[in-house]
Amino acid sequence: MTDLPTRSIDLKNVLSGSAPTADHSEGMSYLQSVPRRIVTLYLPLTIIVVILLFPFYWMALTSVKPDEQLLDLDRYNPFWTWNPTFKHFYKLLFESYYPHWLWNTMYVAVCATVLSIIASVLAAYAIVRLRYKGANLVGGLIFLAYLVPPSILFIPLATVVFQYGLFDTPMALILTYPTILIPFSTWLLMGYFKTIPFELEECALIDGASRWQILIKIVLPLAIPGLISAFIFCFTLCWNEFIYALTFLQSTSNKTVPVAIVNEFVDGDIYRWGSLMAGALAGSLPLVILYAFFVEHYVSAMTGAVKE
């Protein structure tokens, strides 16, 4: 008796001339057996996790190893230590300018990111919503500007920075970082703005709202995931940037973390690996916290931009 509904549905399909619908009830049942789950799911995930996390483990391990264990890998286990020490972190935080370098990096990254987001929002909204001839061409050219390597731009920018008297100041980085941040952020926000229904803006225009009011009160609240994604991208790039910071900053007190830990903890051919890894580990924690809280918004915004 349990086969009667299925047979009646098949009979109706035959009489009507339509093909029977495919049965997708199996779904992911091929993962129900333990050996298949191990081979197709757990084993690849384990390999990926180990590959991704091993550099952080090595960095953390090196930062707490005593100096004699760092230099003699034949007598001591290179992948573990039984006598951890926080001497490297103490030297980093209390016997160097590292807290000041961290502040410089945070100050430059936040200011350059905010400046780039403001410019990208205005550019993306104008390209997507203000209908004018050549809007798509302008959007494509802006994205192509992102493909220009920073290693080519820093040479002419160094001359401009020097002529304006900004050399060896944080403003040199704050004003030059947007040249590599705005193109990608604009492209990202263009794709996200296209997902917002235009009918909302038409209703607001009929009610007498201006373009500025529409952008502030309607578009931006709906585009918060896209703004978060653009902010994370810009902040991460500013935090890890090396070439511009190495070129435009010379004094020790004005350097950012990526440049400072390389210049100040390397004496000729002597590398102070404990302090280097401690500085790299402490410098990566803000980005880890940022991604941990906003990774869902970052993925959703990137997906919306790519679809467009």
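Above this note sits the structure.
What comes next is a walk through the structure.

Regarding unusual backbone geometry
And then number 1: For Asp168, which is not a glycine, the phi torsion comes out positive at approximately 65°.
And then number 2: Following the sequence through the fold, Asp168 ends up in the loop between α7 (150–163) and α8 (170–176).

With respect to empty space enclosed by the protein
Vacant regions in the atomic arrangement are exposed by a probe of water-molecule size rolled over the atoms.
And then number 1: A full pass over the atoms with the stated rule returns one cavity of 30 Å³ or more.
And then number 2: Here the largest cavity is characterised by a volume of approximately 30 Å³.
And then number 3: Around the largest cavity sit Thr105, Val108, Ala109, Tyr177, Cys238, Trp239, Glu241, Thr256 and Pro258, which together line it.
And then number 4: Counting only elements with at least two residues in the lining of the largest cavity, the list comes to α5 (98–129) and α12 (224–240).
And then number 5: No other element matches the three residues that α5 contributes to the lining of the largest cavity.
And then number 6: Among the residues making up the lining of the largest cavity, the classes are represented as six nonpolar, two polar and one charged.

Remarks on the environment of Phe235
And then number 1: Within the element layout of this structure, Phe235 appears in helix α12.
And then number 2: For the pair Phe235 and Leu290, spaced 55 residues apart in the sequence, the C-alpha separation amounts to 9.5 Å.
And then number 3: Setting aside residues up to four positions removed in sequence, Phe235 forms contacts with Met106, Ala109, Val110, Thr113, Leu287 and Leu290.

Remarks on the packing of aromatic side chains
And then number 1: The tally for this structure, following the rule as stated, stands at 20 aromatic pairs.
And then number 2: Ring plane angle 50° and centroid distance 6.4 Å describe the contact between Phe54 and Phe79, whose orientation is recorded as tilted. One end of the pair, Phe54, is in helix α2 (residues 34–63); the other, Phe79, is in the loop between α3 (67–71) and α4 (87–94), and 25 residues separate them in sequence.
And then number 3: Residue class for Phe54 comes out partly exposed when judged on its relative accessible area of 36%.
And then number 4: The interplanar angle of 70° and the centroid separation of 6.2 Å between the aromatic rings of Trp101 and Phe265 together place this pair among those described as edge-to-face. Of the two residues, Trp101 is situated in helix α5 and Phe265 in the loop between α14 (257–264) and β1 (266–267); the sequence distance between them amounts to 164 residues.

Topic: the layout of surface pockets
And then number 1: Put simply, the largest pocket is a space of about 290 Å³.
And then number 2: Together, 16 residues line the largest pocket, and His88, Lys91, Arg272, Trp273 and Ser275 are the ones closest to its centre.
And then number 3: Contributing elements (two or more residues each) for the lining of the largest pocket: α3, α4, β2 (270–271) and α15 (273–307).
And then number 4: Among the residues making up the lining of the largest pocket, the classes are represented as seven nonpolar, four polar and five charged.

Rules of the game
- Residues numbered from 1 in each chain as written.
- Predicted model: local features only at pLDDT ≥ 70, side-chain atom pairs only at ≥ 80, totals over all residues.
- Heavy atoms only, no water.
- Helix = DSSP H or I, 4+ residues; strand = E, 2+ residues; numbered from the N terminus.
- 1 Å grid on protein atoms, 1.4 Å probe; cavity = no way out; pocket = protein on both sides within 12 Å on 5 of 7 lines; lining within 4 Å.
- Points joined across faces, edges and corners; volume = space filled by probe spheres on them.
- Nonpolar A, V, L, I, M, F, W, Y, C, P; charged D, E, K, R; others polar.
- Contact = heavy atoms within 4.5 Å.
- Phe/Tyr/Trp six-rings, centres within 6.5 Å; stacked < 30°, edge-to-face > 60°.
- Buried < 20%, exposed > 50% of the residue type's maximum accessible area, 1.4 Å probe, protein only.

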